[in-house]
Amino acid sequence: MAGTVTIRLLGPGDESLVLSAAELFDDPPIPEQTSLFLASERDFLCFAIANGRPVGFVSASVLLHPDKLPHLFINELAIAESHRRRGIATRLIQAVVDLGRERALWPVWVVAESDDDPAQAFYRSLSGATERGAVVFEWE
């Protein structure tokens with residue numbers, strides 16, 4: 001069993017920590033993008049750290065619109081295979097929900113892919129989460 005897992009909101013100066021966690025991301029972090037993200041007041045990156053190394057993360061961004069108060073969109077959640085099913089994802093999501101409440105960024109929301117049954121089951125299991133029907137379209 002791993003040691004204590006801490007959840008930490010990252011900021012400027014944490015670039016090397018992000019770059020060291022390339023295996024957690026879909027693609028290796030890009031140094032320039034990492035610096036911009038960490039310096040942004042509207043983007044957030046929380047890491048789960050065990051034994052001095054990253055084992056998970058959640059990223060979120062503030063969405064602004066003229067007729068709505070700012071809210072927080074969860075971009076991505078990832079946990080290292082070796083640390084899954086230990087409550088780390090729940091703690092990371094709770095950190096984002098707490099951040100949203102503290103900064104009046106409400107609601108906090110996420111989109112799960114329609115074919116990602118584990119993600120949907122996870123989000124459904126969270127206290128306070130409400131499922132809303134949505135269809136997502138994407139241009140690449």
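Preceding this paragraph is the structure being described.
Think of each chain on its own: its residues are numbered from 1, step by step along the sequence as written. Per-residue local features of the predicted model are confined to residues with pLDDT of at least 70, and side-chain atom pairs are confined, for both listing and counting, to 80 or more; whole-chain, interface and lining totals are unaffected and use all residues. The side-chain numbers reported here are obtained from all heavy atoms of the structure, hydrogens and water having been left aside.

1. Re the packing of aromatic side chains
Between rings of Phe, Tyr and Trp, where Trp is taken as its six-membered ring, a pair exists when centres lie within 6.5 Å; planes separated by under 30 degrees are stacked, by over 60 edge-to-face, and by other angles tilted. A complete count under the given rule lists four aromatic pairs for this structure. Seen in terms of ring centroids, Phe25 and Phe57 are 4.2 Å apart; in terms of plane orientation they differ by 20 degrees. Their pairing is stacked. With Phe25 in the loop between helix 1 (15-19) and helix 2 (31-39) and Phe57 in strand 3 (residues 53-65), this pair connects stretches of sequence that are 32 residues apart. By the burial criterion, Phe25 is buried, and Phe57 matches it. Here Phe47 and Phe57 contribute two aromatic rings whose centre-to-centre distance is 6.3 Å and whose plane-to-plane angle is 40 degrees, an arrangement assigned as tilted. Note that Phe47 is positioned in strand 2 (residues 43-50) and Phe57 in strand 3, a separation of 10 residues in sequence. In this pair, the class of Phe47 matches that of Phe57, namely buried. A connected cluster of aromatic rings, assembled from ring pairs, spans Phe25, Phe47 and Phe57. We count a stretch as a helix when DSSP gives it H or I for four or more residues in a row; a strand needs E for two or more, and each element gets its number in order from the N terminus. Each residue is placed in one exposure class: buried if its accessible area under a 1.4 Å probe, protein chains only, is under 20% of its type's maximum, exposed if it is over 50%, and partly exposed if it falls in between.

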